[in-house]
Structure formats: structure tokens, C-alpha cells
Amino acid sequence: MQNGQLGIPFVSRIAAMHRALWETDRRYRLGWYIWPVSIALLVCGWIYVERPVVTATSSSASWAKPAQPASNVDLMAKPPEGQRGDAARCFHDVDFKPSGDACSRLLEAARERLAR
């Protein structure tokens, strides 16, 4: 309050000016549609152009070696002889209860085989 007059807070004044320009000035409205997209494209282009070029060498990619598959965990490809029906039910049956029970039996059998 200055000299006994009511003042409009700064944020309210900015919002009022924005609304007035938005409703009356077509170029102002168009600018608000265009500038965020332009800035985003500029930043993405800048990141794309300025990214460091890294060549893959054997020392830089040593962490990406695939793990050796365990030989006794081949239940998906060839289930044991007594559980082929369960495997078919587990992977191809549409009913939840029978297929859920069959999958549970397959998992238990796999845990037992891995524990040996």
C-alpha cells in the first residue's frame, strides 16, 4: 500500500496482462503455442549433436558379457516326462485355476531339481 492506495500484487498483474493479451492478440497466442515446442526441439537437437562419440571396444564393453545358461534349468524347452501335461496346461490353458495349479507344480519341481 502506497499513499493509501490499494496495489495489485505483481503476480496478479502479470496474470491479468497475460489474459488480456491472450484474448486480444493472435500473434501473442500463437507465440505461446510455438515457443515451447521450439525450445524443446532446440534442446533435443543440441543434445543429439553434442553427445560424445564412444566407440565400443572390448575393454569398454566387458560388463556386457552374457551369463552362461545353467544346463539343468531347461524346463521351458523340455519339461520332465511326468510334467509335460502340466507344462502344456501352464503355457496354453486359458482357465486361470487349472493353469495356475499346473504352473505351481512346475515351479515346485524346478525348485526340487535345482536343490539337488
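Heads up: these notes are all about the structure in this document. Sequence order as written defines the numbering, with residues in each chain counted from 1. Only residues with pLDDT of 70 or above have their local features reported here, since the model is predicted, and side-chain atom pairs are shown and tallied only from 80 upward, although totals for entire chains, interfaces and linings are computed over all residues. Processing note: side-chain calculations cover all non-hydrogen atoms of the structure and skip hydrogens and water entirely.

1. Focus: the overall build of the protein chain
Link 1 in the chain: Comment: elements are numbered from the N terminus, with helices defined as DSSP H or I runs of at least four residues and strands as E runs of at least two. When helices and strands are tallied, the protein chain shows four helices and zero strands.
Link 2 in the chain: It only takes one pair of heavy atoms within 4.5 Å for two residues to be counted as in contact. Considering only intrachain contacts with a sequence separation of at least 6, the fraction spanning at least 24 residues in the protein chain is 21%.
Link 3 in the chain: Residue exposure ignores everything except the shown protein chains as possible cover, and the areas themselves are Shrake-Rupley values with a 1.4 Å probe. Counting only carbon and sulfur atoms, one obtains 62% of the accessible surface of the protein chain, whose full area is about 10,700 Å².

2. Here we look at the packing of helix 1 (residues 10-24) against helix 2 (residues 26-50)
What describes two packed helices is the angle between their axes and the distance between those same axes.
Link 1 in the chain: At their nearest, the axes of helix 1 and helix 2 sit 5 Å apart, and the two run at 105° to each other. Relative to helix 2, the element helix 1 lies roughly perpendicular. Contacts from His-18, Leu-21, Trp-22, Glu-23 and Thr-24 of helix 1 reach helix 2 at Arg-26, Tyr-28, Arg-29, Trp-32 and Tyr-33.
Link 2 in the chain: Residues that form the contact of helix 1 with helix 2 fall into these classes: five nonpolar, two polar and three charged. Axes here mean lines fitted to C-alpha atoms, for a helix over just the part in contact, with angles spanning 0 to 180 degrees between N-to-C directions. Here is the rule for angles: anything less than 35 degrees is roughly parallel, anything more than 145 is roughly antiparallel, 65 through 115 is roughly perpendicular, and the remaining ranges are oblique. Side-chain classes are defined by residue name, with Ala, Val, Leu, Ile, Met, Phe, Trp, Tyr, Cys and Pro counting as nonpolar, Asp, Glu, Lys and Arg as charged, and the others, Gly among them, as polar.

3. Focus on helix 2
Along an α-helix, residues three or four apart share an orientation, since each turn contains 3.6 residues.
Link 1 in the chain: Its 25 residues give helix 2 an end-to-end C-alpha distance of 36 Å, which sits within 8% of 36 Å, the value for a rise of 1.5 Å per residue.
Link 2 in the chain: Its maximal kink placed at Ile-34, helix 2 deviates by approximately 25°, while the proline Pro-36 follows within four residues.
Link 3 in the chain: Whenever two N or O atoms come within 3.5 Å, that pair is a polar contact, provided that in protein one can donate a hydrogen and the other can accept it, and provided that, for residues adjacent in sequence, both atoms are side-chain atoms. Residue Asp-25 occupies the N-cap position of helix 2, its side-chain oxygen lying 3.2 Å from the main-chain nitrogen of Arg-27. Take the number of residues in a helix, subtract one, and multiply by 1.5 Å to get its expected span. We define the bend at each residue as the angle formed by axes fitted to the 7 residues ending at it and the 7 residues starting at it.

4. Some points on the environment of Leu-106
Link 1 in the chain: Relative to the elements of secondary structure, Leu-106 occurs in helix 4 (residues 96-115).
Link 2 in the chain: Of the residues examined, Leu-106 reaches a relative accessible area of 13% and is grouped as buried.
Link 3 in the chain: Those residues in contact with Leu-106 that sit more than four places away from it in its chain are Gln-83, Asp-86, Ala-87, Cys-90 and Phe-91. Buried means the residue's accessible area, taken with a 1.4 Å probe over protein chains only, is under 20% of the maximum for its type, while exposed means over 50%, and partly exposed covers the values in between.

5. Regarding the packing of aromatic side chains
Link 1 in the chain: Classification of ring pairs uses Phe, Tyr and Trp, with its six-membered ring standing for Trp, and accepts pairs whose centres are within 6.5 Å; under 30 degrees between planes counts as stacked, over 60 as edge-to-face, and the remaining range as tilted. For the coordinates displayed, the defined rule picks out three aromatic pairs.
Link 2 in the chain: Taken together, a centroid distance of 5.5 Å and an interplanar angle of 65° make the contact between Trp-32 and Trp-35 edge-to-face. Of this pair, Trp-32 and Trp-35 both sit in helix 2, separated by three residues, roughly a single helical turn.
Link 3 in the chain: The exposure class of Trp-35 is partly exposed, given its relative accessible area of 44%.
Link 4 in the chain: Three or more aromatic residues joined by ring pairs make a cluster, and in this case those are Tyr-28, Trp-32 and Trp-35.

6. Some points on a nonpolar patch on the surface
Link 1 in the chain: Patches were defined on residues exceeding 30% relative accessible area and lacking a salt bridge, with like-charge contacts within 9 Å and nonpolar side-chain contacts (Val, Leu, Ile, Met, Phe, Trp, Tyr) within 5 Å. Within this document, salt bridges are pairs made up of a side-chain nitrogen of Lys or Arg and a carboxyl oxygen of Asp or Glu, the two lying within 4 Å of each other. On the surface, Trp-32, Trp-35, Ile-39, Leu-42, Val-43 and Ile-47 cluster together to form a nonpolar patch covering roughly 590 Å² of accessible area.
Link 2 in the chain: Relative to the helices and strands, Leu-42 is located in helix 2.
Link 3 in the chain: In this structure Leu-42 comes out as exposed when scored by relative accessible area, which is 57%.

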